[in-house]
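A structural walkthrough
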Amino acid sequence: MEKFGKRSQSPIILIAFVSFYFCIQPVHGRPGKSSVKEDGSYWEMLGKKDLQKAINTKRYEGVAKNVIFFVGDGMGVPTHTMARIYKGQKKGESGEEESLAWEDFPFTGLMKTYNTDRQVPDSAGTATALFSGIKTRSGMLGLDQQARYNVCDTAAIEAA
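Summarised in this report is the structure supplied together with it. (Residues numbered from 1 in each chain as written. Predicted model: local features only at pLDDT ≥ 70, side-chain atom pairs only at ≥ 80, totals over all residues. Heavy atoms only, no water.)

Thoughts on helix α4 (residues 123–132)
Of the positions making up α4, those classed as buried are Ala124, Gly125, Thr126, Thr128 and Ala129. Positioned one or two residues after α4, Gly133 has a phi angle of 85 degrees, which is positive. (Buried < 20%, exposed > 50% of the residue type's maximum accessible area, 1.4 Å probe, protein only. Helix = DSSP H or I, 4+ residues; strand = E, 2+ residues; numbered from the N terminus.)

Some remarks on the packing of aromatic side chains
Remark: the centre distance and the inter-plane angle together describe each pair of aromatic rings, the angle taken between the planes. For the structure shown, the criterion picks out 4 aromatic pairs. Between Tyr60 and Phe107 the ring centres are 6.0 Å apart and the planes differ by 65 degrees, which places this aromatic pair in the edge-to-face class. Of this pair, Tyr60 sits in the loop between α2 (40–56) and α3 (77–90) while Phe107 sits in the loop between α3 and α4; the two residues are 47 residues apart in sequence, bridging distant segments of the chain. (Phe/Tyr/Trp six-rings, centres within 6.5 Å; stacked < 30°, edge-to-face > 60°.)

Focus on the pattern of salt bridges
Oppositely charged side chains are able to pair whenever their charged atoms sit close together. For the coordinates displayed, the defined rule picks out 7 salt bridges. Residue Lys53 pairs with Asp104 through a salt bridge whose shortest N-O separation is 3.4 Å. You can see Lys53 sitting in helix α2 and its partner Asp104 sitting in the loop between α3 and α4, a full 51 residues away along the chain. Residue classification places Lys53 among the partly exposed residues on the basis of a relative accessible area of 46%. Take Asp104: its relative accessible area is 45%, and that puts it in the partly exposed class. (Salt bridge = Lys/Arg side-chain N within 4 Å of Asp/Glu carboxyl O.)

Considering the layout of surface pockets
Estimated volume of the largest pocket: approximately 1,600 Å³. Lining the largest pocket are 37 residues, and of these Phe69, Phe70, Gly109, Leu110 and Met111 lie nearest its centre. Among the elements that line the lining of the largest pocket, the one with the most residues is α3, at 4 residues. (1 Å grid on protein atoms, 1.4 Å probe; cavity = no way out; pocket = protein on both sides within 12 Å on 5 of 7 lines; lining within 4 Å. Points joined across faces, edges and corners; volume = space filled by probe spheres on them.)

Side note on a nonpolar patch on the surface
A cluster of nonpolar side chains, namely Val67, Phe69, Val71, Met111 and Phe131, defines an oily patch on the protein surface of about 520 Å² accessible area. Among the structural elements, Phe131 can be located in helix α4. (Patch = residues over 30% accessible without salt bridge, like charges linked within 9 Å, V, L, I, M, F, W, Y side chains within 5 Å. Areas by Shrake-Rupley, 256 points an atom, 1.4 Å probe, with all protein chains shown as cover.)

Following this line, the structure appears as structure tokens:
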């Protein structure tokens, strides 16, 4: 059995190959002739439209009854932007003008977290931080950073 921390290089090589493959694929951007004249008045109109949408959004002053977390594991701002552009390019546009479903939710937020012992977090540690408010080590779920790998408190097990 492989010890924790010693990982095969195969997944990294596969990810690098897939990333390279998609980078060399032709990008089908915006068609040559756009039907919209993107001058100053166009961008001003879009800005006013977005502002009016924000102003008309109903505000809730009370305590939220429910909060729903959509966790896009590994989906930081660059990945989010890439997804938006790709969605638009699939429609034959440049992509920047596209929006993703959650960008139209009336209320959204952005959170970031990391493990206490690694810069690039893993899902267990980030889930623990997001849902408990306590950061932990990479590979730990539901425990704080004081926990050690493969070291269980037998007293706690016997008490249960």
